[in-house]
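Geometric and topological summary
The primary structure of each chain is shown beneath.
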Amino acid sequence: MAQLDRSTIWPYRDGEPGDFYYQRYGNPTGVEAETALGELEGGEALLFPSGSAAITSLVLSELEPGQTVALAEGAYYGTGLLFQVLERWGLAFVEFDQTGPPPRGADLIWLEAPSNPFLTMPDLEAAVAHPAPVVVDSTAATPVYLRPLESGADYAVHSATKYLGGHHDLLLGAVVCRDADAASRLHAFRGRTGIVASPDAAWLLLRSLKTLQVRVERQTATANELARRLEAHDAVEVVRYPGFGGMLSFDVRGDAQRVETSLRLISNATSLGGVDSVLESRRRWEGDRVPENLLRLSVGLEDVDALWGDLEQALGQA
């Protein structure tokens, strides 16, 4: 296991800074974690203190006032809210159906694979044919199921808090760059703005990456089975699942809040990607953007029959 180095300064050597001299510009634990993630994604990774920090840093370092982001319709609602905040600095954004080509005139294409909570997959071929740089938020897919840079994307983004971390115990974001010059620009921006990840979070990420594949494959197997059973349940109207990963959503016939508050094994909580299953109604956060009775389920590592038993009894309360 990597050493956790919490130092904020490192001595010069013969009057010259070495690879590490001040934590805001890099630290040994963080670089080790970035190297490990970069190898998984096939690019150069940079860590940030949260997924939102990663998005903010990438957009501000890539775009200028007056430019436009084409954002995948139905993507994580927090990304759109963040772009709304940045409008006062001259950033514009438009939403589009990511299952088709991006709109003309966009300066940055922002995809999500799969989207959260609607679970659509982007047309990557159409996106990379656009002249603008392409970003793929592949938090839910993870590099186990998708390596966007291999498909021509310029950046892969993760809320590493989710599947990469996998234990609901770290807050971290990541951007993986295909181009070394782009990574250098982003690294400089991160150091100047101080939007840096802590060594402690990076150390936990290194721990988690060792089990990423076995966790995600187990979650996928369970999610596939739960999706199949939910589709056959009389209390469920529609199930959204792309066929891989541990996240799915479904609409219930009746009161979604009664379902989520009737759970016994599955936690009624937000977030996703951990070893413990969580479920929640997304209406409380996203409003009219989502159906009133939509529930998002993040499948953990519990026994599939135990999870189904909890879902079945909770659906009986709808």
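Provided above is the structure to which this section pertains.
These numbers come from a predicted model, not from an experiment.

Regarding the packing of aromatic side chains
Under the defined criterion, the tally for this structure stands at seven aromatic pairs. Seen from their ring centres, Trp10 and Phe20 are 5.8 Å apart, and the 50° between their planes marks the pair as tilted. Taken together, the positions of Trp10 in the segment before helix 1 (28-41) and Phe20 in the segment before helix 1 put the pair ten residues apart, joining distant regions of the chain. Overall, Phe20 belongs to the partly exposed group, its relative accessible area being 23%. Members of the aromatic cluster, each reached through a chain of ring pairs, are Tyr21, Tyr22 and Tyr25. The positively charged end of Arg88 is found above the aromatic ring belonging to Trp89, 4.9 Å away from the centroid. The positively charged end of Arg190 is found above the aromatic ring belonging to Phe48, 5.8 Å away from the centroid.

So, the pairing of strand 7 (residues 173-177)
Buried residues dominate strand 7, accounting for five of its five residues. Taking every second residue as pointing to the same face, both faces of strand 7 are buried, with Gly173, Val175 and Cys177 on one and Ala174 and Val176 on the other. Sheet topology note: the strand 1 (residues 44-48)/strand 7 ladder contains five bridges and is antiparallel. By the bridge assignment, Ala45 is partnered in strand 7 with Val176. Taken together, the five bridges between strand 6 (residues 155-159) and strand 7 define a ladder with antiparallel strand orientation. Following the sheet pairing, Ser159 is matched in strand 7 by Gly173.

Topic: helix 2 (residues 51-62)
In this model helix 2 runs 17 Å from its N-terminal to its C-terminal C-alpha over twelve residues, within 8% of the 16 Å that 1.5 Å per residue would give. Gly51, Ala53, Ala54, Ile55, Thr56, Ser57, Leu58 and Val59 are the residues of helix 2 that are buried.

Thoughts on the sheet that holds strand 5 (residues 134-137)
Spatially, the seven strands line up as an open sheet ordered 1-7-6-5-4-2-3, and their pairing is mixed. Each edge of the sheet is formed by a strand with only one pairing partner; in this case those strands are strand 1 and strand 3 (92-96). Within the sheet, the average angular offset between the axes of one strand and its neighbour, ignoring direction, is 20°. Running at roughly 20° to strand 1, helix 6 (residues 180-193) makes contact with strand 1, strand 6 and strand 7 of the sheet.

A few points about the environment of Ser52
Relative to the elements of secondary structure, Ser52 occurs in helix 2. Considered as a pair, Ser52 and Lys162 are 110 residues apart in the sequence and their alpha carbons are 13 Å apart.

Things to note about the packing of helix 2 against helix 3 (residues 77-86)
Contact pair helix 2 / helix 3: the axes reach a minimum separation of 11 Å and the direction vectors enclose 45°. The angle between helix 2 and helix 3 falls in the class oblique. Considering only the axes of helix 2 and helix 3, their crossing is right-handed. Of the residues in helix 3, those in contact with Ser52, Ile55, Thr56, Val59 and Leu60 of helix 2 are Thr79, Leu82, Phe83 and Leu86. For the contact of helix 2 with helix 3, the class distribution of residues is six nonpolar, three polar and no charged.

Reading the values: rules and limits
Residues numbered from 1 in each chain as written. Predicted model: local features only at pLDDT ≥ 70, side-chain atom pairs only at ≥ 80, totals over all residues. Heavy atoms only, no water. Phe/Tyr/Trp six-rings, centres within 6.5 Å; stacked < 30°, edge-to-face > 60°. Helix = DSSP H or I, 4+ residues; strand = E, 2+ residues; numbered from the N terminus. Buried < 20%, exposed > 50% of the residue type's maximum accessible area, 1.4 Å probe, protein only. Lys NZ or Arg CZ within 6 Å of the ring centre and 35° of its normal. Pairing = 2+ DSSP bridges. Expected span 1.5 Å × (residues − 1). Axes fitted to C-alpha atoms, helices over the stretch in contact; angles between N-to-C directions. Contact = heavy atoms within 4.5 Å. Parallel < 35°, antiparallel > 145°, perpendicular 65-115°, else oblique. Left-handed = near helix turned anticlockwise from the far one by under 90°. Nonpolar A, V, L, I, M, F, W, Y, C, P; charged D, E, K, R; others polar.

That's the geometry; what it means functionally is another story.
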